[in-house]
Structure formats: structure tokens, C-alpha cells
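A structural walkthrough
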Amino acid sequence: TDPATGELRIVSGSDDGTARVWNPAAGGAAIEAGPEGHSDEVYALITFVDPETGALRVATGSRDGIRMWDAETGDVVLMIEVAQVGGWVNALAFFVDPATGAPRLACGLCDSSGGKVLVFDPVAGGDALFVLDIGSYVFALAVFEEPATSAPRLACGSGDGKGRVFDA
């Protein structure tokens, strides 16, 4: 849902490296990511509201890293390269750090060592705040609240058939 208008939006990523925000009521693509998009297929995407501006953001992941862009204008607002660890972005999850209240973006990677989960600041960017070595390709990430304690958890699904759960 577009936070400014309350209208429904659908977001898609494609093998041509583009991401689009669709307006189903209007019957077409409302916004397409600009020329700073990916040079390879989009493997993962997630939407979140930028806590500083209240704007709807779309994060997309590919072999060339992560792009955060404004869902209303299509402008890329942040690029995070993951080349320093190699591999490609296969999964994304957004959460709020319970200790600081700061936004966080978890990124699941497939790389030559198997796979990792990296956590970034989706507003400031920069290097990964921390890295979890999974040892197997990461195919899925999800954030959930533990029912007994309401503590946030990060779940990871990987190519070795294991599910792992971490404190978020």
C-alpha cells in the first residue's frame, strides 16, 4: 500500500534487471526503476517504509548488489555492493533493531563458500553491520515475532535443507 495515498501497489522484479511498481486500479506499471537499476536479474525484493521520510521504498537484490529506490519516483536512493564478499543476493528481509530502533535490511547470499546472511543499514548503507556464515546457499529470509516473548527473530532457509532462526 502506498503510504501517501493508501492505494494498493504490487511490486515485481524481472530477469531484465528492472523492478516495477504496479497500480492495479490503473491497469499498468506506475513506476519503473531508473537507469541505475541492476545489470543482472532481480532475484529478491522487499518493500518497507523509510523511517526518516515515511516514503515507500523498494529494495531489490541481484548479482551486482542491492538497490534501494523510491517507489514513487523510481529514483535509486542507495546502492549497496556485496562484491566484497562475492556471490549474489537471493533473499531480503526488513526489520527494526530492537536495541536501537534503527531499520535493518538482511540480505541472503549465495557465494563460493556456500552462503551468508549480511545485515545492513538500509538508510545509510555502508559495510555490513554483521555477517552470519551459513555454509549453504541462502534461498529465503523472514522476520517474525516469537509468540512467547514478542522478540523479533530472523529465519533463514538454505540449500542444505535446514532452517535456522537467529535473534534479530
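It should be emphasised that the depicted structure is a prediction, and the values quoted were computed from it without experimental measurement. (Residues numbered from 1 in each chain as written. Predicted model: local features only at pLDDT ≥ 70, side-chain atom pairs only at ≥ 80, totals over all residues. Heavy atoms only, no water.)

Each helix and strand in the protein chain was counted, giving 0 helices and 14 strands. Its helices and strands taken in sequence order, the protein chain reads β-β-β-β-β-β-β-β-β-β-β-β-β-β from the N to the C terminus. Rg of the C-alpha trace for the protein chain: 16 Å, near the compact-globule value of 15 Å for 168 residues, within the 12% margin. Structurally, the protein chain occupies a C-alpha span of about 45 × 35 × 30 Å along its principal axes. (Helix = DSSP H or I, 4+ residues; strand = E, 2+ residues; numbered from the N terminus. Rg over C-alpha atoms; globule rule 2.2 N^0.38 Å.)

On average, residues of the protein chain score 86 in pLDDT, and 92% of them reach the 70 mark or higher. Put simply, strand 3 (residues 28–32) is where the protein chain has its lowest mean pLDDT, 67, and strand 12 (residues 138–145) is where it has its highest, 95. (pLDDT = per-residue confidence, 0-100.)

What follows covers unusual backbone geometry. Unusually for a residue other than glycine, S150 sits at a positive phi of about 65 degrees. Tracing the chain through its elements places S150 in the loop between strand 12 and strand 13 (152–158). Classification of S150 as partly exposed rests on a relative accessible area of 43%. (Buried < 20%, exposed > 50% of the residue type's maximum accessible area, 1.4 Å probe, protein only.)

Bringing the pattern of salt bridges into the picture now. Tallied over the full model, the rule gives 12 salt bridges. D16 is paired through a salt bridge with R20; the nearest N and O atoms lie 3.9 Å apart. Between D64 and R67 there is a salt bridge, with its nearest N and O atoms 3.4 Å apart. For R67, a relative accessible area of 6% puts it in the buried group. (Salt bridge = Lys/Arg side-chain N within 4 Å of Asp/Glu carboxyl O.)

A few words on the state of the cysteines. Within this structure, the stated rule accounts for 0 disulfides. In this structure C110 is not part of a disulfide, and its nearest cysteine sulfur, from C107, lies 9.7 Å away. Residue class for C110 comes out buried when judged on its relative accessible area of 0%. (Disulfide = S-S within 2.5 Å.)

Okay, the sheet that holds strand 5 (residues 56–62) next. If you trace the 4 strands from one edge of the open sheet to the other, you get 4-5-6-7, paired in antiparallel fashion. On the outer flanks of this sheet lie strand 4 (44–49) and strand 7 (76–80), each paired with one strand and no other. The average angle at which neighbouring strand axes cross in this sheet is 20 degrees, direction not considered. Sheet topology note: the strand 6 (residues 65–70)/strand 7 ladder contains 4 bridges and is antiparallel. Opposite W69, over in strand 7, you have V76 as the bridge partner. (Pairing = 2+ DSSP bridges. Axes fitted to C-alpha atoms, helices over the stretch in contact; angles between N-to-C directions.)

Below, the discussion takes up the nonpolar core. By size, the foremost hydrophobic cluster in this structure holds 16 residues, and its most contacted members are I66, M68, L92 and C107. Beyond its immediate sequence surroundings of up to four residues, M68 is in contact with F48, V58, A59, D75, V76, V77, L78, I80, L105 and P122. Counting 11 residues, the second-largest nonpolar core is a separate cluster that includes A93, V138, L141 and L154. (Core = buried A, V, L, I, M, F, W, Y, C linked by side-chain atoms within 4.5 Å. Contact = heavy atoms within 4.5 Å.)

Before going further, it helps to spend a moment on the packing of aromatic side chains. Under the counting rule described, the total for this entry stands at 3 aromatic pairs. Between F48 and F94 the ring centres are 4.6 Å apart and the planes differ by 10 degrees, which places this aromatic pair in the stacked class. Placement of the pair is F48 in strand 4 and F94 in strand 8 (residues 88–96), with a sequence separation of 46 residues. Given the relative accessible area of 21%, F94 is considered partly exposed. Among the aromatic residues, those joined into a cluster by ring pairs are W88, Y137 and F139. Seen from the ring of W88, R63 lies directly overhead, with NZ or CZ sitting 4.5 Å from the centre. (Phe/Tyr/Trp six-rings, centres within 6.5 Å; stacked < 30°, edge-to-face > 60°. Lys NZ or Arg CZ within 6 Å of the ring centre and 35° of its normal.)

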